[in-house]
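An overview of the molecular structure
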Amino acid sequence: MASRIGVSLMQVWRTLHEEDLYPYHDQRAQHLEPGDHAQHMDLCHWMKTHPELLSLILFSDKTSFTRDSVNLRNVDMWSHDNTHEKV
């Protein structure tokens, strides 16, 4: 922001704090939705009927694979209140 508007970083921080705005980070949270159990069971039954494909599947606890990872510690949400928002 500072380089975009041509002022120092400290001036940006000072202005934001004068407006009572502070940076907060989103927190990641994982939870199951009501329909998840049925979908997991469908996947298990499908895998039992196609055992030849198990050696071709890459299993991970990640929801997606990308070349560019997003570090949420580098993403700030500026607010008057700390909402402790979960993503």
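Look a little higher up for the structure.
Overview of the structure.

The rules behind the values
- Residues numbered from 1 in each chain as written.
- Predicted model: local features only at pLDDT ≥ 70, side-chain atom pairs only at ≥ 80, totals over all residues.
- Heavy atoms only, no water.
- Helix = DSSP H or I, 4+ residues; strand = E, 2+ residues; numbered from the N terminus.
- Buried < 20%, exposed > 50% of the residue type's maximum accessible area, 1.4 Å probe, protein only.
- Contact = heavy atoms within 4.5 Å.
- Patch = residues over 30% accessible without salt bridge, like charges linked within 9 Å, V, L, I, M, F, W, Y side chains within 5 Å.
- Areas by Shrake-Rupley, 256 points an atom, 1.4 Å probe, with all protein chains shown as cover.
- Salt bridge = Lys/Arg side-chain N within 4 Å of Asp/Glu carboxyl O.

Take the overall build of the protein next. Regarding its fold elements, the protein presents three helices and two strands. When its helices and strands are written in sequence order, the protein yields α-α-β-α-β. Here the protein holds 87 residues, and 9% of them are scored as buried. Considering only intrachain contacts with a sequence separation of at least 6, the fraction spanning at least 24 residues in the protein is 73%.

Right, let's get into unusual backbone geometry. Positive phi values are uncommon outside glycine, yet Asp20 reaches one of about 60 degrees. Residue placement: Asp20 occurs in the loop between α2 (9-18) and β1 (22-24).

The subject of this paragraph is a nonpolar patch on the surface. A contiguous nonpolar patch, built from Leu43, Trp46, Leu54, Ile57 and Phe59 and spanning about 470 Å² of accessible area, is present on the exposed surface. Using a relative accessible area of 38% as the deciding quantity, one classes Trp46 as partly exposed.

Here the focus is the environment of Trp46. Relative to the elements of secondary structure, Trp46 occurs in helix α3 (residues 36-49). Setting aside its immediate chain neighbours within four residues, Trp46 contacts Leu53 and Ile57.

Just distances and angles here, no functional claims.
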